[in-house]
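Structural description and commentary
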Protein chains: 2
Amino acid sequence: MSEQRSPQPTGAERSRPARRGLRGCPASEARDRLVSAGLRPTAQRCAIAWLLNGPKHRHVTPEGLYQEASKARVSVSQSSIYNILRQFTEAGLLRQRTFRGLVIYDTDVSDHQHFLVEETQEVINMPGTPMRVGGLPSAPEGYEIVGVELIARVRSKR
Amino acid sequence: MSEQRSPQPTGAERSRPARRGLRGCPASEARDRLVSAGLRPTAQRCAIAWLLNGPKHRHVTPEGLYQEASKARVSVSQSSIYNILRQFTEAGLLRQRTFRGLVIYDTDVSDHQHFLVEETQEVINMPGTPMRVGGLPSAPEGYEIVGVELIARVRSKR
DNA sequence: ATCCTTGCAAAACGTTTGCACCTCA
DNA sequence: TGAGGTGCAAACGTTTTGCAAGGAT
């Protein structure tokens, strides 16, 4: 029996306590997503999937997610956080990126670029515009370009 | 008295042993550069400056530089490597960057972009072409773009 | 002589691993 | 029940720090 805990999806809908095993509720959707990805829907994975399942895309660090899970009364150990994030990444549910040496897991697995807020290190997804980069030098001899990553550093206007 | 060691500038001119305190020799140039940057020309700093002073720009990691220094018979501790790299960066002699979570110090402090070799994690400077990025979305509301970083991932053609 | 720099060792930090227990299908 | 997921604690590699000794001006 899936005695699911009730992680809060960061904000809205804190009012209704999770009911167990109910189909059609957010917890069940999270569970379905795991199964489709070929992962066993364990309690911890369901909870993490639910946490990451906000309406908007998110960028989380292992440490941040661990604290978030603790706040949401989800019992997950640190190593499980690392395991789960890696497993989700391998299953294609997340994408791992690094900005300024900080490891980030992005719930938006599509190809896109990022804004990086200087003051807060916050990462913001760029709308998936088909960007064109002009004047890009060709790859060094013997190499071929397999991808281009672009990071626009931004700071708040005052 | 400046009992300078003789680190080798990665390749060429290994033939002539360093002479001490001689003006006009590579060691002296390194020393002058430190002084101009407002840093005291200690033995360790001179040695590191000399190591980094190849004809081409370089990208080094702290550990890599530490090992290189050891091989070059330069006596520098690990913590001094970290200190010196930070001091050089603050003095504008180096620029710190991170690629894929790996901290890199770049002897090319000018604005430029990079190739990143997938297999080896090697970093290659792009020629400083005035690139034009088309279709770049404007910054999110309340933010302004202060810089754009671009990394072209490459792999060796077979 | 004074300040700054260095080196050592230990601490801090984030991440990974080994292993016993537990859970899910 | 068996495969595999989880939690704990310890290991790990990298970076930082505290402090005493040494060097530079």
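All residue numbers here refer to positions counted from 1 along the written sequence of the relevant chain. Chains carry letters and ligands carry numbers; both start at the beginning, A for chains and 1 for ligands, and go up in the order they are written. At least 70 in pLDDT is required for a residue's local features to be given in this predicted model, at least 80 for side-chain atom pairs to be given and counted, and no such filter applies to totals for whole chains, interfaces and linings, which use all residues. Note that the side-chain values use all heavy atoms of the structure and ignore hydrogens as well as water.

Before going further, it helps to spend a moment on the protein's contact with DNA strand D. What makes a residue near a molecule or strand is one non-hydrogen atom of that residue sitting within 4 Å of it. Near DNA strand D, the surroundings consist of 17 residues, among which Arg40(A), Thr42(A), Gln44(A), Ser80(A) and Tyr82(B) are the closest. Of all atoms in DNA strand D that approach within 4 Å of the protein, 75% are sugar or phosphate atoms. Contacts to DNA strand D include Ser77(A), whose backbone N or O atom sits 3.0 Å from a phosphate oxygen. By the criterion applied in these results, polar contacts are pairs of N or O atoms within 3.5 Å in which, for protein atoms, one can donate a hydrogen and the other can accept it, and in which residues neighboring in sequence qualify only through two side-chain atoms. At a separation of 2.2 Å, a phosphate oxygen of DNA strand D approaches a polar side-chain atom of Tyr82(B). Strands here mean DSSP runs of E at least two residues long; helices mean DSSP runs of H or I at least four residues long; both are numbered from the N terminus. Among the secondary structure elements, those contributing two or more residues to the surface near DNA strand D are helix 2 (43-51) and helix 4 (78-90) of chain A together with helix 3 (62-71) and helix 4 (78-90) of chain B. Here the term charged refers only to Asp, Glu, Lys and Arg, the term nonpolar to Ala, Val, Leu, Ile, Met, Phe, Trp, Tyr, Cys and Pro, and the term polar to all other amino acids, Gly among them. When the residues that make up the surface near DNA strand D are grouped by side-chain class, the tally is five nonpolar, eight polar and four charged.

All right, on to the interface of chain A and chain B then. Taken together, the contact between chain A and chain B spans 37 residues of the former and 37 residues of the latter. Summed over both partners, the accessible area (1.4 Å probe) lost when two parts come together is defined as the buried area. For the pair chain A and chain B, the two sides together bury roughly 3,300 Å², of which 61% comes from carbon and sulfur. By convention in these notes, a salt bridge is any Lys or Arg side-chain nitrogen within 4 Å of a carboxyl oxygen on Asp or Glu. For the pair chain A and chain B, the interface holds four salt bridges. Across the pair Arg153(A) and Glu149(B) runs a salt bridge, and its minimum N-O distance is 2.9 Å. In this structure, the connection of chain A to chain B is made through 14 residue pairs in polar contact (both at pLDDT 80 or more). Breaking the side of chain A that touches chain B down by element, the ones donating at least two residues are strand 4 (114-117), strand 6 (132-134) and strand 7 (143-156) of chain A. Working rule for contacts: check all heavy atoms of both residues, and any pair within 4.5 Å makes them a contact.

To continue, consider the environment of Ile145(A). Looking at the secondary structure, you find Ile145(A) in strand 7. Partly exposed residues are those whose accessible area sits between 20% and 50% of the maximum for their type, while under 20% is buried and over 50% is exposed, using a 1.4 Å probe and protein chains only. Judged by its relative accessible area of 34%, Ile145(A) falls in the partly exposed class. If near-sequence neighbours (up to four positions away) are discounted, Ile145(A) is found in contact with Leu136(A), Pro137(A), Ala139(A), Phe115(B), Ala152(B), Arg153(B) and Val154(B).

Looking now at the protein's contact with DNA strand C. Around DNA strand C sit 18 residues in total, of which Pro41(A), Tyr82(A), Thr42(B), Gln44(B) and Ser80(B) are the nearest. Within 4 Å of the protein, the contacting atoms of DNA strand C are 73% sugar and phosphate, with bases supplying the remainder. Within the side chain of Ser79(B), one N or O atom sits 3.2 Å away from a base nitrogen of DNA strand C. When its residues are assigned to classes, the surface near DNA strand C shows six nonpolar, eight polar and four charged.

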